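# Close look at the chain arrangement
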Amino acid sequence: MLRKTLSLLCALALFAWSSAVCASPKDDPSHAKVKAYFNRLVADAGDHGAELRLFLNLMPKGGDLHQHFTGTTYAETYLDFIKKENCWINKRDFSVILRWPKDSKEYNNPDYQKTLPDTLSVDKLRSDNKMLSDFFMVWSDKDFYNHYHDQTAPDVQFFGTFANFSTILKYDGALYIEGLKILKNRAQLENVQYIEQMFVSPGYKVTNPDFDAQARSAVASGNIAQLRSVFQNFIQNVVKPDPNFAKGMSSYNDRVKSCADAVNDDTFTLRFQSYVSRNDSPAEVFSALYTAFCEADKSDLVVGVNIVNAENAPTAMSDYSLHMQMFRYMKELFPGVKTSMHAGELTIGMVRPEELTFHITDAVMVAQADRIGHGVDIGYEVKAPELLSLMRDKKIAVEINLTSNDFILGVKNGEHPFRLYLDHGVPVVLTSDDEGVSRNNLTDDYLNMVQRYGITYDRLREIAANSIRYSFLNEKEKQRQLAILDKRFADFEARIAKMIATTSKH
Ligand SMILES: [Zn+2]
């Protein structure tokens, strides 16, 4: 706890210096040419989509601070994993059918599949275009708008995909490393140098109906002192004495270490956020949250804690205030641990209007979040002016996910609060969320941002630098990453300036 608290104090001291060094673009001829070229492309009335994509694809983007491992992995990769493990697909619902465990005598029984109804090998699925197309529509958002079919609601479609992913990953833990290497390669191809990833959930959680009843009753009556005593007793009497708690935490930290060791090098850095599911029972959320904070406090690789899953689901909505109190309590126990919280991933029509009025506010003002994920419903929040000022003054960045907000919420263009945050001086980072489900990449969202909001080159560079500046890296690592980003921008600008010089039009 002490170690992370001290690094927090150092971070405050060094923040101003890092902003001064890296916010100002270099004053060289290439920079001026590239800036003029980009601003002209954006300002031109003509469609420069392809030219802008080329530019943005090659442009260094710093980090991706909001990425879920399972949702970022493409369905094609999951099929590779299923085939590699000699497992099958269920013909009826495209779920994974596992083979017997590797250490069982049945594992190599060639007749095993025959005993199962409706199974399909990956090769067979891939040889049938119709079925393969249907598979992608279940495992991702692919073709959602291209077919007339019995329409699922977009949020149900999106969040429903995740149930498929964990089965095969849990079957063979080595697949995590393979998946991370694929994501690293993809990141490097689009010039991303750092990922802060929601990777796997904490190593421990427990159900406890008594805790659920007591915690919900205390928060409903507004008795926060009583709630905190319920929290304290649960940690002392249930979580800490359970041998599975220490065991789970240590296996979690072993896993993140082996995974980080397999992908980190001088050119690429991966760090993790531990996270809880907002649709679990209160005891599960609380025990997992305590574990997540302990994990983050103990490991330099786990740089933050998050809360995930559909915010409009019944449990997430009814326990929202309780979750905020849980986070606040943990922040007091572990002041050095950073939190980013999915909050305000909602819009009108999804929930009752009064339920759109406080989620981001409470994540910042009650739960003390260090960053906000999504923040889409800000326009409905009753304390929006005070919240925006607070986020600006305390440098609480908002992670903008344009593609997933468009699909899940139907919020885009002028309805999206991207400009609202920018105009109020709130630090903005552009993030990908779930590239595999959404079937896009970070460059695609940079293109969306530029085409929709017409931002300048200076602003673009600032947003890229924000992805390191507002990351949860310690200050020394942040400085190293910012220096790398600066160097990459210098190389990029020299390359683009050369390209411009060889074309007649520019
Ligand atoms: Zn997310």
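Summary of the structure given here. Computed from a prediction, not measured in an experiment: that's the story for all the values here.

What follows is about the environment of Ala218. Along the polypeptide, Ala218 turns up in helix 11 (residues 209–220). The class of Ala218 is buried, set by a relative accessible area of 0%. The contacts of Ala218, once residues within four sequence positions are left out, are Asn223, Gln226 and Leu227.

Positioned with a positive phi, Phe94 is a non-glycine residue whose angle comes to about 60 degrees. Mapped onto the secondary structure, Phe94 falls in the loop between strand 2 (88–90) and strand 3 (96–97). According to the relative accessible area criterion, Phe94 is buried, its value standing at 7%. Its identity as a non-glycine residue notwithstanding, Lys395 has a phi of 55 degrees, on the positive side. Secondary-structure assignment places Lys395 in the loop between helix 18 (384–393) and strand 10 (397–400). Taking the relative accessible area as the measure of exposure, Lys395 reaches 39% and is therefore partly exposed.

Quick look at the coordination of the zinc ion now. For the zinc ion, the full set of protein donor atoms is His66 (NE2), His68 (NE2), His342 (NE2) and Asp433 (OD), at a range of 2.1 to 2.3 Å. Coordination at the zinc ion is irregular, judged from the four donor atoms that bind it and the angles of 83 to 169 degrees they form at the metal. As a motif over one chain, the donors of the zinc ion read H-x1-H-x273-H-x90-D. A residue pair is termed long-range when its members are at least 10 positions apart, and His342 in strand 8 (residues 338–343) and Asp433 in the loop between strand 11 (428–430) and helix 21 (435–438) qualify at 91 residues. A relative accessible area of 3% places His342 in the buried class. On the basis of relative accessible area, Asp433 is assigned to the buried category, the value being 2%.

Here we take up the packing of helix 11 against helix 12 (residues 224–239). Angle between the axes and distance between the axes: these two values describe a pair of packed helices. One way to put it is that helix 11 packs onto helix 12 with a least axis distance of 8 Å and a crossing angle of 160 degrees. In terms of orientation, helix 11 lies roughly antiparallel with respect to helix 12. You can see that helix 11 and helix 12 cross each other, and the crossing is left-handed. Residues Phe211, Gln214, Ala215, Ala218 and Val219 of helix 11 pack against Gln226, Leu227, Val230, Phe231 and Phe234 of helix 12. Taken together, the residues that form the contact of helix 11 with helix 12 break down as eight nonpolar, two polar and no charged.

With 15 residues, helix 2 (residues 29–43) should reach 21 Å at 1.5 Å per residue; the first-to-last C-alpha distance of 21 Å fits that figure. The set of residues buried in helix 2 consists of His31, Val34, Tyr37, Phe38 and Leu41. All buried residues of helix 2 fall inside an arc of 135 degrees around its axis, so they share one side. Of the exposed residues in helix 2, the ones pointing more than 90 degrees away from its buried face are Pro29, Lys33 and Ala43. Elements that come into contact with the buried residues of helix 2 comprise helix 3 (49–58), helix 22 (442–453), helix 23 (457–469) and helix 24 (475–501).

Judged by how many residues are buried, strand 8 sits mostly within the fold: five of six residues are covered. Bridge count for strand 7 (residues 302–308) against strand 8 is two bridges, and the pairing is parallel. Note that in strand 8 the partner of Val305 across the bridge is Thr339. Across four bridges, the pairing between strand 8 and strand 9 (residues 371–374) is parallel. Bridging across to strand 9, Met341 finds its partner in Ile372.

Read across the open sheet, the three strands follow the order 3-2-4; overall the sheet is antiparallel. In this open sheet, the two strands that pair with only one neighbour each are strand 3 and strand 4 (119–120). For strand 2 and strand 4, the ladder comprises two bridges, and the chain directions are antiparallel. Within strand 4, the position partnered with Asn90 by the bridge is Thr119.

Counting through the fold element by element, Asn306 comes out in strand 7. Within the structure, the side chain of Asn306 is placed 2.8 Å from the side chain of Gln273, a separation counted as a polar contact. Here His342 takes part through its side chain, which lies 3.1 Å from a polar atom of the side chain of Asn306. Ignoring sequence-local partners within four residues, the contact set of Asn306 consists of Met198, Gln273, Ser274, Tyr275, Val276, Phe327, Ser340, Met341 and His342.

How each quantity is defined
- Residues numbered from 1 in each chain as written.
- Predicted model: local features only at pLDDT ≥ 70, side-chain atom pairs only at ≥ 80, totals over all residues.
- Heavy atoms only, no water.
- Helix = DSSP H or I, 4+ residues; strand = E, 2+ residues; numbered from the N terminus.
- Buried < 20%, exposed > 50% of the residue type's maximum accessible area, 1.4 Å probe, protein only.
- Contact = heavy atoms within 4.5 Å.
- Donors = N, O, S within 2.8 Å, 3.2 Å for Na, K, Ca; no water.
- Tetrahedral: all angles 85-135°; square planar, octahedral: opposite > 155°, others 65-115°.
- Axes fitted to C-alpha atoms, helices over the stretch in contact; angles between N-to-C directions.
- Parallel < 35°, antiparallel > 145°, perpendicular 65-115°, else oblique.
- Left-handed = near helix turned anticlockwise from the far one by under 90°.
- Nonpolar A, V, L, I, M, F, W, Y, C, P; charged D, E, K, R; others polar.
- Expected span 1.5 Å × (residues − 1).
- Arc of directions from axis to C-beta.
- Pairing = 2+ DSSP bridges.
- Polar contact = N/O pair within 3.5 Å; in protein donor to acceptor, adjacent residues only side chain to side chain.

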